[in-house]
Amino acid sequence: MSIKGFNSKAVHAGDLYIPEIGNVTTPIFEDSTYRYPNNSESTIIDNTSKSTFLYSRWGNPTVQSFENKYKSLEKTDHAVAFSSGMGAITATVLSIMKSGDKMLAINVLYGQTYYFFARTLKSYGITVDMVSVDDMNKLNISKENYKMIYIESIPNPLMDVLDIKKIGEYCRKKGIILVVDATFASPYNQTPVDFGADIIIHSGTKYIGGHSDILIGVVGCNSDDYYNGIVGMRKTLGATPDAFQAYLAYRGLKTLGLRMERHNINGMKIAEFLSSSDKIMEVFYPGLRQGKYYEIAKTNLRGFGGMISFKLKGGIAESHKFIGSLEIPMPAVSLGGVESLITIPAETTHSEMSEEERNKSGITDNLIRLSVGIEDSEDLIEDLQQALAKI
Ligand SMILES: Cc1ncc(COP(=O)(O)O)c(C=O)c1O
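Residues numbered from 1 in each chain as written. Predicted model: local features only at pLDDT ≥ 70, side-chain atom pairs only at ≥ 80, totals over all residues.

Moving on: the site of the ligand. Taken together, S84, G85, M86, Y110, E152, N156, D181, T183, S203, T205, L215 and G217 form the complete shell of residues around the ligand. Its residues placed into classes, the shell around the ligand shows 3 nonpolar, 7 polar and 2 charged. (Near = placed C-beta within 6 Å. Nonpolar A, V, L, I, M, F, W, Y, C, P; charged D, E, K, R; others polar.)

Counting buried positions along strand β14 (residues 367–371) gives 5 out of 5 residues, so the element sits mostly inside the fold. Residues L367, R369 and S371 point to one face of β14 and I368 and L370 to the other, with burial holding for every one of them. Relative to β14, strand β11 (residues 307–312) runs antiparallel, the two sharing 5 bridges. Across the sheet, the residue bridging to K311 is L367, located in β14. As paired strands, strand β13 (residues 341–343) and β14 are joined by 3 bridges and run antiparallel to one another. Counterpart to I342 in the pairing with β14 is L370. (Buried ≥ 20, exposed ≤ 12 C-beta atoms within 10 Å, placed from the backbone. Helix = DSSP H or I, 4+ residues; strand = E, 2+ residues; numbered from the N terminus. Pairing = 2+ DSSP bridges.)

With that settled, consider the packing of helix α3 (residues 85–96) against helix α8 (residues 224–237). Contact geometry of α3 with α8 gives a least axis separation of 8 Å together with a crossing angle of 120 degrees. Judged on the interaxial angle alone, α8 and α3 are oblique. As for the relative orientation of α3 and α8, their crossing is right-handed in sense. Residue-level contacts link G87, T90, A91, T92, L94, S95 and I96 of α3 to G229, I230, G232, M233, R234 and L237 of α8. (Axes fitted to C-alpha atoms, helices over the stretch in contact; angles between N-to-C directions. Parallel < 35°, antiparallel > 145°, perpendicular 65-115°, else oblique. Left-handed = near helix turned anticlockwise from the far one by under 90°. Contact = placed C-beta atoms within 7 Å.)

This part is about the environment of N300. Residue position: N300 is located in helix α11 (residues 294–300). In this structure the C-alpha to C-alpha distance between N300 and T43, which are 257 residues apart in sequence, comes to 41 Å. Not counting chain neighbours up to four residues away, the residues in contact with N300 comprise V161, D163, I164, K165 and Q190.

As a further point, take the sheet that holds strand β9 (residues 217–221). Spatially, β3-β9-β8-β7-β6-β4-β5 is the arrangement adopted by the 7 strands of the open sheet, whose pairing is mixed. Either end of the sheet is taken by a strand with one partner, and the two such strands are β3 (78–82) and β5 (127–131). Put simply, the sheet's adjacent strands are angled 20 degrees from each other on average, direction ignored. Inspection of the sheet shows strand β4 (residues 102–106) paired to strand β6 (residues 148–152) by 3 bridges, in the parallel sense. Following the sheet pairing, M103 is matched in β6 by M148. Across the face of the sheet, helix α6 (residues 164–174) comes into contact with β6 and β7 (177–181) while running at roughly 155 degrees to β7.

These values are about where atoms sit, not about what they do.
In C-alpha cells form, the structure reads like this:
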C-alpha cells in the first residue's frame, strides 16, 4: 500500500466510496435514521455499534469518514467526533472519572476546560489538582493516587510547551491515563500517541477545520475500553456532530498538511520579525531558540505552528492602537484558520480572571495573541511593521 505519507493519508484515508455511485469524495448523509433491519450484504458498518447504521446520534457515515481520516493521521486505532471541542473534552473526562476519583491538570488551560475542571467536576465529587506547566514538566507533583493527568500540549496564551515524552513515561510507569489536548499543534506537528499519551483531544474548530467556519471536536485513542466509554458518553450527552459539520472537517483534513507547512513557515518568520522589533518586549513562540521551552519543543513537536504571543512596550492603549492599525489580521478570538486573527487575551479569552490573577500568570494588558494564517508572510510583516510604527 503506497498511502503512507501524511498528505497521502490526509487526501485518501477514510473516504467513503460507494461503487454503485462512483463518487470521489465522501457524501454528506443528512440522515437522522436508517432503514432497519438492513440486510444488504455490502452494508457499511457503524464502528460505534459494530452493526448497520441505525440512528445518527450514535453514528453517521459522513461523521465516520471524518473519524477514519483523522485517526489515520493521529495514528490511533479509534476516533470519536463531537459537536465541539468542549463536547470532546467533557465526554472524554466524564467517561473515565467517577465520583471520588482524583486527577491532575496543568493550571493554564483553555478557559472553559478550566471551568469544567474547577467547578463542574468538583460538584460531581471529582478532585482536580492543578500544577504549573514547569512543575508538570519537572514531574514535581504530589504522589496522590491520580487516575488521570490532563494537559494541553501548547497551552494558551503564553505558548509554553509540555514535555509529553517525559510525562508519558511517568504515566506509563504509574498506570495513570494521560489525556492530551493537542489543538495548538494539530496532528501534523505532533502525534502524542508516539510519546505514550492514551487519549488525544482536538478542538477541530481550529487547525483541523482550518477555515473558521465550523465547530467540531475529535478524540483519538487506542484502547477499546476508552473508545467504548467515550462513544457511550457521546450518545448520552448528545454531542455528536452533524454530517455537514463533519464533512467540512473531513475536507479540512485533506489540506491540513499543506496549511500547517505554511503556518509553520509564517509562524517562524513572524516570530523572528517580532523579536527584532524595538517596540516589543518579549515574544513567546515554541520555535525561538532563545525561548524557555525551545529544547522541549524540539523533541515534542515536528513544527512550531502559527500561534505567537508577544508583549508590546506599553499598556492597553498601545495594544488597542496597534490592533486597530492592522489591515490583515482580524480582531477575533479562535485560531488555526487560513486567515490571521489577533486578540488581547486580557480582554477576551482570559477576561474572567481577575487583574491580579492575570498579572501573576503573565497575561498583562500588553500581551497580544496572534494566530498566523496562510497569507504571504511579506504582507503580514509589512502590516505588522506599519502598525508597530503607530505606537
Ligand atoms: C486548546 C483548546 N481546547 C479546547 C477548546 C474548545 O473547543 P471548541 O470551541 O471547539 O469547543 C478550545 C477553544 O478555543 C481551545 O483553544
